Amino acid sequence: MANELIQELAQQDYKWGFTSDIHEDTIAPGLNEDVIRLISRKKKEPEWLLEWRLKAFHEWLQMKEPTWANIHYPPIDYQGVRYYSAPKPKGPAPKSLDEIDPEVRKTFDKLGISLQEQERLSGIAVDAVLDSVSVATTFKGKLKELGIIFCSFSEAVQEHPDLVKQYLGTVVPQKDNFFAALNSAVFTDGSFCYIPKGVRCPMELSTYFRINAKDTGQFERTLIIAEEGSYVSYLEGCTAPMRDENQLHAAIVELVALDNAQIKYSTIQNWYPGDKNGKGGIYNFVTKRGLCKGVNSKISWTQVETGSSITWKYPSCILKGDNSVGEFYSVALTNHYQQADTGTKMIHVGKNTRSTIISKGISAGHGQNTYRGAVKILASATGARNYSQCDSLLMSDTCGAHTFPAIDVQDPTAQMEHEATTSKISDDQLFYCKQRGISQEDAISMIVNGFCKQVFKELPMEFAVEAQKLLSVSLEGSVG
Amino acid sequence: MLEIKNLHASVGDKPILKGIHLTIKTGEVHAIMGPNGSGKSTLGNVLSGREGYTVTEGDVLYEGKNLLALAPEARAAAGIFLGFQYPVEIPGITNNYFMKTALNAVRRARGEKELDAIDFLKLIKEKAKVVEMDPSMLSRSVNEGFSGGEKKRNEILQMGVLEPKLAILDETDSGLDIDALQIVSKGINALRSPGRAFLVITHYQRLLNYVQPDYVHVLSAGRIVKSGGKELAHELEQKGYGWLENAKPATVV
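Residues numbered from 1 in each chain as written. Chains lettered and ligands numbered in written order. Predicted model: local features only at pLDDT ≥ 70, side-chain atom pairs only at ≥ 80, totals over all residues.

**Points about the overall build of chain B**
Line of reasoning, step 1. Broken down by element type, chain B carries 8 helices and 12 strands.
Line of reasoning, step 2. A compact globule built from 253 residues should have a C-alpha radius of gyration of about 18 Å, and chain B, at 18 Å, falls within 12% of that.
Line of reasoning, step 3. With the C-alpha coordinates of chain B rotated into their principal frame, the extents come out at 55 × 40 × 35 Å.
Line of reasoning, step 4. Here chain B holds 253 residues, and the buried ones make up 44% of them. (Helix = DSSP H or I, 4+ residues; strand = E, 2+ residues; numbered from the N terminus. Rg over C-alpha atoms; globule rule 2.2 N^0.38 Å. Buried ≥ 20, exposed ≤ 12 C-beta atoms within 10 Å, placed from the backbone.)

This is the structure in structure tokens:
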């Protein structure tokens with residue numbers, strides 16, 4: 001029964017696969033100092049940032065690509081990647097949505113992201129990243145009144161250089177890891193967000209990333225700073241067009257929460273996963289880390305990972321401030337030949353720090369799903385607590401689920417809990433649903449959504465609906 | 001409504017049903033009794049289309065059509081309901097959501113308008129009263145952490161919501177205490193109507209004290225060996241199944 005389902009799944013095409021015809025301002029493939037200088041020049045960056053990039057580049061040259069993850073892929077030719085591409089400006093930069101390249105607008109429409117509608121109806125400010133340069137930012141005025149800065153990273157470098165300089169690389173240092181060093185050298189754009197003291201951001205901040213240029217690696221950089229007593233909920237959602245070539249993606253997200261501040265970061269990742277034979281798809285090597293710098297601060301990561309052929313991603317929290325809280329809620333789905341090695345690190349430094357990890361892995365087809373987690377309680381973290389739960393759902397005889405939890409406790413007062421389950425959708429469950437009139441596909445979708453419920457309820461409402469749909473689509477057969 | 005003709009079915013290579021003949025008319029309540037391993041549950045599973053059972057001979061006509069050609073969900077849409085002996089748990093999905101999905105799937109298949117959340121809630125609250133189910137159970141995950149009795153009540157609730165034409169109840173009374181048995185029976189009786197038939201599979205006569213059958217059939221080694229009225233159940237209770245063990249297959253009822 002399950003096999004039939006997988007057969008059907010194998011027939012499914014990537015629904016968001018299309019390319020749009022936009023003039024690109026692209027440089028030749030390859031990476032050297034000149035390329036980095038060119039990127040920096042194109043972006044009119046200050047000298048210190050160029051130096052920062054070059055330092056990262058030299059670190060990167062000394063580093064080796066990590067091999068410890070449970071993922072397998074042919075060697076990446078880093079000199080074959082194009083490190084910069086931007087939509088060609090037609091005259092001065094757009095001041096409103098109306099001035100945006102109609103092709104770009106159409107692309108977003110196809111994705112169901114009409115900026116106008118977003119702006120008008122949902123109260124979400126969208127900083128749309130098409131390839132490497134932000135093309136539209138909305139709701140700025142409203143946010144400005146509250147002193148909230150939400151803009152593209154490039155703009156932040158121009159308009160708020162002091163803030164960028166103060167926080168850039170403080171959570172993820174340039175030489176943190178191979179992919180972080182690469183990103184630090186060549187990042188082209190991303191988002192910047194600053195919430196001033198005591199301000200509760202009244203809307204969900206949202207960025208839609210989209211990989212669009214052929215052979216263009218994506219190197220976004222996101223930096224979010226929540227000042228004392230502030231709150232922000234940030235949404236990141238992605239789809240990508242159909243491609244045969246593998247596309248390299250190495251993003252960095254840094255979060256800083258000061259005293260009593262709270263950051264909620266939600267991701268839906270639906271990049272092209274490759275075809276049913278494992279051809280193509282995005283390589284997604286992401287470094288996401290949050291620093292709970294202040295007392296009573298809180299950082300929450302929620303992710304729904306359904307795309308990419310390879311996912312290497314461990315959104316983590318450093319719980320430095322006393323009583324700070326870190327959370328990680330994750331659903332990772334691997335179908336066909338997708339591989340995901342994902343999880344989190346919770347580093348407890350401050351007293352009475354708490355962390356929660358809820359990980360749900362779903363494997364179908366030949367998908368390989370790995371949870372990799374590290375919980376570290378330092379000697380300074382008196383009274384620290386952690387709760388971890390890792391559940392795996394297997395949907396075929398050819399898929400795999402792997403769990404690597406690491407626990408390192410250096411303080412005797414720490415309380416640790418770890419639970420893990422592995423299950424299959426049973427024929428009994430399917431028959432029960434079918435006997436009540438529910439089709440097999442709907443039954444599977446329902447059971448999988450039930451499995452993921454603990455994570456979905458952490459997502460903002462509209463995102464949760466999208467996530468449920470996405471899971472159903474990712475698992476559905478030839479319907480539609 | 002239902003015509004079973006010379007039905008033979010196997011699990012793997014093992015023949016379980018060896019020539020069942022049974023006709024059920026609208027409005028009738030038929031009880032199937034018999035010892036362990038006689039094929040009672042197999043009959044329910046074959047009629048509802050569960051995988052793993054192979055029909056090797058015979059026909060089943062439901063409302064004049066070949067029932068065996070239909071997928072399980074199509075049988076459900078056509079009005080066949082199976083009350084499970086062991087109701088299945090579905091973590092993370094609330095009873096409410098599950099039943100609404102089921103009801104609307106069935107309504108869709110029948111070309112009827114789907115119920116919106118408000119109308120559905122009204123409906124299910126009303127139905128829950130019949131089986132004396134606390135409304136809080138409706139927002140709990142399907143059967144998860146339910147007691148045996150709660151699970152069976154939940155089955156009857158689902159039957160009440162789906163309003164089937166033919167309800168097959170597979171040992172709905174097993175594992176119930178007297179109170180629960182009465183509640184479940186009340187739920188079944190509330191649904192008895194001239195437009196609905198029941199096939200009640202049971203081990204013991206006690207359920208039949210509350211749900212009075214029109215016919216009782218005794219199944220033994222894959223065949224119906226005796227059929228009669230409700231008094232047959234009492235006779236069985238006194239004499240035991242051994243009484244019929246050597247009986248020949250009954251003729252077509």
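**A few points about the environment of M159(B)**
Residues and elements named next belong to chain B.
Line of reasoning, step 1. With respect to the helices and strands, the residue M159 is situated in helix α5 (residues 148-162).
Line of reasoning, step 2. Residue classification places M159 among the buried residues on the basis of 25 C-beta atoms within 10 Å.
Line of reasoning, step 3. The spacing of M159 and E28 is 131 residues in sequence and 17 Å in space, taken between C-alpha atoms.
Line of reasoning, step 4. Excluding residues that lie within four positions of it along the chain, M159 makes contacts with F81, G83, P164, A167 and L191. (Contact = placed C-beta atoms within 7 Å.)

**Some thoughts on the nonpolar core**
Line of reasoning, step 1. Core analysis: the largest hydrophobic core is formed by 183 residues, its most contacted members being A226(A), L255(A) and I263(A).
Line of reasoning, step 2. For this core, the element with the most residues is helix α3 (residues 95-109) of chain B, which contributes 7 residues.
Line of reasoning, step 3. Apart from residues lying up to four places away in sequence, I263(A) is in contact with I224(A), A226(A), V232(A), Y234(A), L255(A), A257(A), G290(A) and I299(A). (Core = buried A, V, L, I, M, F, W, Y, C linked by C-beta atoms within 7 Å.)

**Some remarks on unusual backbone geometry**
Line of reasoning, step 1. The phi torsion at N323(A) lies on the positive side, around 60°, for a residue other than glycine.
Line of reasoning, step 2. Looking at where N323(A) falls in the secondary structure, it is placed in the loop between β16 (316-319) and β17 (325-334).
Line of reasoning, step 3. The exposure class assigned to N323(A) is partly exposed, which follows from the 18 C-beta atoms found within 10 Å.
Line of reasoning, step 4. Even without a glycine there, the phi angle at E63(B) is positive, about 50°.
Line of reasoning, step 5. Checked against the element boundaries, E63(B) lands in the loop between β4 (53-62) and β5 (65-66).

**Section: the interface of chain A and chain B**
Line of reasoning, step 1. In this complex, chain A contributes 18 residues to the contact, which on the side of chain B involves 21 residues.
Line of reasoning, step 2. Those elements that place two or more of their residues in the side of chain A that touches chain B are α10 (427-435) and α11 (440-451) of chain A.
Line of reasoning, step 3. Broken down by element, the residue count for the side of chain A that touches chain B peaks at 7 residues, all from α10(A).
Line of reasoning, step 4. Among the residues making up the side of chain A that touches chain B, the classes are represented as 7 nonpolar, 5 polar and 6 charged. (Nonpolar A, V, L, I, M, F, W, Y, C, P; charged D, E, K, R; others polar.)

**With respect to the pairing of strand β9 (residues 166-170) of chain B**
All names here are of chain B.
Line of reasoning, step 1. Here β9 lies mainly inside the structure; 5 of its 5 residues are buried.
Line of reasoning, step 2. The pairing of strand β6 (residues 80-83) with β9 spans 4 bridges and is parallel. Of the residues in β9, the one forming a bridge with L82 is I168.
Line of reasoning, step 3. Examined bridge by bridge, β9 and strand β10 (residues 197-202) share 5 bridges and lie parallel to one another. The residue bridging A167 from the neighbouring strand is F198, located in β10.
Line of reasoning, step 4. With helix α6 (residues 178-191) bridging β9 and its parallel neighbour β10, the resulting β-α-β unit is right-handed. (Pairing = 2+ DSSP bridges. Right-handed = clockwise from strand over helix to strand, strands pointing away.)

**A closer look at the sheet that holds strand β3 (residues 29-33) of chain B**
Residues and elements named next belong to chain B.
Line of reasoning, step 1. Here 6 strands make up an open sheet; going across it, the order is β6-β9-β10-β3-β11-β12 and the pairing mixed. Each of the sheet's edge strands pairs with one partner strand only, and the pair in question is β6 and β12 (223-228). This sheet shows a mean twist of 20° between the axes of neighbouring strands, independent of strand direction.
Line of reasoning, step 2. In this sheet, β10 lies alongside β3 in parallel orientation, the contact comprising 5 bridges. By the bridge assignment for β10, M33 is matched with T202.
Line of reasoning, step 3. Helix-sheet contacts for α5 involve β6 and β9, and the interaxial angle to β6 is about 170°. (Axes fitted to C-alpha atoms, helices over the stretch in contact; angles between N-to-C directions.)

**Examining the sheet that holds β4(B)**
Residue and element names in this part refer to chain B.
Line of reasoning, step 1. Sheet architecture is open: 4 strands sit in the order β2-β1-β4-β5, paired in antiparallel fashion. The open sheet has two edge strands, β2 (14-24) and β5, and neither has a second partner.
Line of reasoning, step 2. As judged from the 2 bridges shared by β4 and β5, these two strands associate in the antiparallel manner. By the bridge assignment for β5, L61 is matched with N66.

**Structural notes on α3(B)**
Line of reasoning, step 1. When the terminal C-alpha atoms of α3(B) are compared, their 21 Å separation across 15 residues agrees well with the 21 Å that a helix rising 1.5 Å per residue should span.
Line of reasoning, step 2. Check the buried side of α3(B) and you find it contacts α11 of chain A together with α2 (72-77), β7 (90-94), α4 (117-130), β8 (141-142) and α5 of chain B.
Line of reasoning, step 3. Of the residues trailing α3(B), G111(B) is marked for its positive phi of about 75°. (Expected span 1.5 Å × (residues − 1).)

**Some remarks on the environment of F84(B)**
Line of reasoning, step 1. Tracing the backbone through its elements, the reader meets F84(B) in the loop between β6 and β7.
Line of reasoning, step 2. The spacing of F84(B) and K152(B) is 68 residues in sequence and 8.0 Å in space, taken between C-alpha atoms.
Line of reasoning, step 3. Other than its neighbours up to four places away in sequence, F84(B) contacts Y432(A), E155(B) and D170(B).

**Focus on the confidence of the model for chain A**
Residues and elements named next belong to chain A.
Line of reasoning, step 1. Here chain A shows a mean pLDDT of 82. Residues at 70 or above account for 78%.
Line of reasoning, step 2. Confidence scores differ between elements of chain A, with helix α5 (residues 115-122) showing the lowest mean pLDDT of 44 and β16 the highest of 98.
Line of reasoning, step 3. The low-confidence segment residues 131-137, where pLDDT is below 50, has 34 contacts with residues more than four positions distant or belonging to other chains. (pLDDT = per-residue confidence, 0-100.)

**Re α5(B)**
All names here are of chain B.
Line of reasoning, step 1. Between the first and last C-alpha of α5 there are 21 Å, a value that for 15 residues agrees with the 21 Å anticipated at 1.5 Å per step.
Line of reasoning, step 2. Burial within α5 is extensive, with 11 of its 15 residues counted as buried.
Line of reasoning, step 3. All buried positions along α5 are accounted for by K152, R153, N154, E155, I156, L157, Q158, M159, G160, V161 and L162.
Line of reasoning, step 4. Those residues of α5 hidden inside the fold are in contact with β6, α3, α4, β9 and α6.
Line of reasoning, step 5. Phi for E163, located one or two positions after α5, is positive at around 45°.

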